[in-house]
Amino acid sequence: MNYHGDLSKMRVTGETPVRYYLSLSNGEVDMNELIDHKIRIKFTGIIHCVSCGKVTKKAFGQGFCYPCFIKSPLNSECIVRPELCQAHLGNGRDPEWEKEHHFQPHIVYLALTSGVKVGVTRVEQIPGRWIDQGAWKAITIAKTPYRQPAGQIEVLLKDHFTDKTSWQKMLKNESAVDIDLQKEKNRAQDLITNELKEFVSRGNQPIHEFTYPVNKYPVKIQSMSPEKNPVIESVLTGIRGQYLFFDNQYVINIRNSSGYEIEFSA
């Protein structure tokens, strides 16, 4: 099979194990079917901005040209700092985009990757958001009608839970298996101030669990990139988060390579 097109975040479905699909211009590739097979990814040297589609010499963020990196609502400050979001006030880089994406119900959650992480996302992005982070368990703490209060809750909890994923530990499957996520959820909710208590998800919430199509987790991780590895030709040995594993050691982050044009074959 031969495909070409620009890389973008892999589509996922919450099966057991998680199923991954790579979307390219002439078709969608079921990546799970290719595990234990040699695949070839050639980066052509062309990068298309994920926002405007124009060719750019360098990608900023996750695939933006510089003007879109500065101006696109897809890269606004409230993406990483949701407490600053003003979508509910009709403000933002693009108020219509903000209304469609941020003036929508959001959840605050705890996810287990290597440790306990607090995060915020739109309700409609679940479970994909958890899978993209490589979480093996996740639970909802609170649900808000729009983005800003979810961010405010996250800020309260950052002193007690990390808001970052240790991607190296996640990819080596160094997981905190003895953590009781229901107890952590209760502890988190006790830390939420009274003005935000109305958004708390009461009682025991379901714990969502995920397994990933990885044959063997590596002891050491070596990261690859389009610039350093213009051609990757190796056996695909697993997928977790948005990472592809090769030969049980090398990894590449597909989402971070968004906008890079490739030729793909298997």
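About the cut-offs
- Residues numbered from 1 in each chain as written.
- Predicted model: local features only at pLDDT ≥ 70, side-chain atom pairs only at ≥ 80, totals over all residues.
- Heavy atoms only, no water.
- Helix = DSSP H or I, 4+ residues; strand = E, 2+ residues; numbered from the N terminus.
- Rg over C-alpha atoms; globule rule 2.2 N^0.38 Å.
- Buried < 20%, exposed > 50% of the residue type's maximum accessible area, 1.4 Å probe, protein only.
- Lys, Arg positive; Asp, Glu negative; His and termini not counted.
- Charge placed at Lys NZ, Arg CZ, Asp CG, Glu CD.
- Pairing = 2+ DSSP bridges.
- Axes fitted to C-alpha atoms, helices over the stretch in contact; angles between N-to-C directions.
- Contact = heavy atoms within 4.5 Å.
- Arc of directions from axis to C-beta.
- Polar contact = N/O pair within 3.5 Å; in protein donor to acceptor, adjacent residues only side chain to side chain.

Regarding the overall build of the chain
From N to C terminus, the chain includes 7 helices and 14 strands. In terms of overall dimensions, the chain is globule-like: its C-alpha atoms have a radius of gyration of 19 Å, near the 18 Å expected for 266 residues. Summarising its shape, the C-alpha atoms of the chain cover approximately 55 × 45 × 25 Å along the three principal directions. For the chain, buried positions account for 48% of its 266 residues. Across the chain, 33 positive and 30 negative side-chain charges occur, with their mean positions spaced 3 Å apart.

Side note on the sheet that holds strand β7 (residues 116–122)
Spatially, β7-β6-β8-β9 is the arrangement adopted by the 4 strands of the open sheet, whose pairing is antiparallel. The sheet is open, and its two edges are formed by β7 and β9 (208–209), each paired on a single side. Pairing analysis gives 2 bridges linking strand β8 (residues 137–144) to β9, with the strands arranged antiparallel. Of the residues in β9, the one forming a bridge with Ala138 is His208.

Let's talk about the sheet that holds strand β2 (residues 11–13)
Pairing within the open sheet is antiparallel, and its 3 strands lie in the order β2-β3-β4. On the outer flanks of this sheet lie β2 and β4 (27–30), each paired with one strand and no other. Here the average twist between neighbouring strands, direction ignored, is 25 degrees. Where strand β3 (residues 19–24) lies against β4, 4 bridges are found, and the strand directions are antiparallel.

Section: the environment of Lys38
With respect to the element layout, Lys38 can be found in strand β5 (residues 38–47). Judged by its relative accessible area of 53%, Lys38 is exposed. Each C-alpha atom of the pair Lys38 and Asn2 lies 13 Å from the other, and the pair is 36 residues apart in sequence. Sequence-distant contacts of Lys38, defined by excluding residues within four places in its chain, comprise Glu233, Ser234, Val235 and Ala266.

Focus: helix α7 (residues 181–190)
Looking at α7, one finds that the buried residues are Leu181, Gln182, Glu184, Lys185, Ala188 and Gln189. Summarising the axial view, the buried residues of α7 lie within an arc of 160 degrees, below the 170-degree limit, and thus occupy one face. Set apart from the buried face of α7 by more than 90 degrees, the exposed residues are Lys183 and Asp190. Contacts from the buried residues of α7 go to β6 (106–112), β7, β8 and α5 (147–157). In this structure Asp180 caps α7, since a side-chain oxygen of it lies 3.1 Å from the backbone nitrogen of Gln182.

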